[in-house]
Amino acid sequence: EKGTNGNYVAHAASHSLPGPQSMGVDTRGFPAVKAYNETFSLFDPSGKAMGNMKYSVTGANDAAHIAETMAPGSTPRVHTDEPEKLKFSLQWADISAIEAPDQDVSNNTSKDNNG
């Protein structure tokens, strides 16, 4: 495989020039290109691609990453050194704690109107 930002000249009786390769991610979500890879695609029951859906992929070592599917409803390729089972899960909700305005969280007591 060869790549260049400049001109590339090859003299031969015949040759093929396939398009660029996409870099995938490892099970932690970092860029990677390894021997084994898998991609996941999401479609609704009518067959429409489900893009921008939050998901997680977990590998055998419990390393996981959370991201969103691309417009065609697919994930980047998930690369691993060895064949391994990957767990794909949709992330349906984000849960975050919000401090209630009438609570003092520093000593974990509620304030009432009597002071």
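Model, not experiment: these values are computed from the prediction.

Participant: Would you explain the environment of Thr 27 in this entry?
Facilitator: Its place among the elements puts Thr 27 in the loop between β1 (24-25) and β2 (31-32). Judged by its relative accessible area of 7%, Thr 27 falls in the buried class. Thr 27 sits 32 residues away from Gly 59 along the chain, and the two C-alpha atoms are 5.6 Å apart. Those residues in contact with Thr 27 that sit more than four places away from it in its chain are Val 57, Gly 59, Asn 61, Ala 63, Ala 64, His 65, Val 78, His 79, Thr 80, Glu 84 and Leu 86.

Participant: Is there a simple way to explain the sheet that holds strand β5 (residues 64-68) in this structure?
Facilitator: If you trace the 3 strands from one edge of the open sheet to the other, you get β5-β4-β7, paired in antiparallel fashion. Each edge of the open sheet carries a strand with a single partner, namely β5 and β7 (87-90). Each adjacent strand pair in this sheet contributes to an overall mean axis angle of 20°, direction not counted.

Participant: Whenever I open this one, the nonpolar core confuses me. Can you help?
Facilitator: Judged by nonpolar contacts, Val 25, Phe 40, Tyr 55, Val 57 and Val 78 together constitute the single largest core of 5 residues. Apart from residues no more than four positions distant in its own chain, Phe 40 is found in contact with Val 57, Gly 73, Ser 74, Thr 75, Leu 86 and Phe 88.

So, how was this worked out
- Residues numbered from 1 in each chain as written.
- Predicted model: local features only at pLDDT ≥ 70, side-chain atom pairs only at ≥ 80, totals over all residues.
- Heavy atoms only, no water.
- Helix = DSSP H or I, 4+ residues; strand = E, 2+ residues; numbered from the N terminus.
- Buried < 20%, exposed > 50% of the residue type's maximum accessible area, 1.4 Å probe, protein only.
- Contact = heavy atoms within 4.5 Å.
- Pairing = 2+ DSSP bridges.
- Axes fitted to C-alpha atoms, helices over the stretch in contact; angles between N-to-C directions.
- Core = buried A, V, L, I, M, F, W, Y, C linked by side-chain atoms within 4.5 Å.

Shape is all these values report; function is a separate question.
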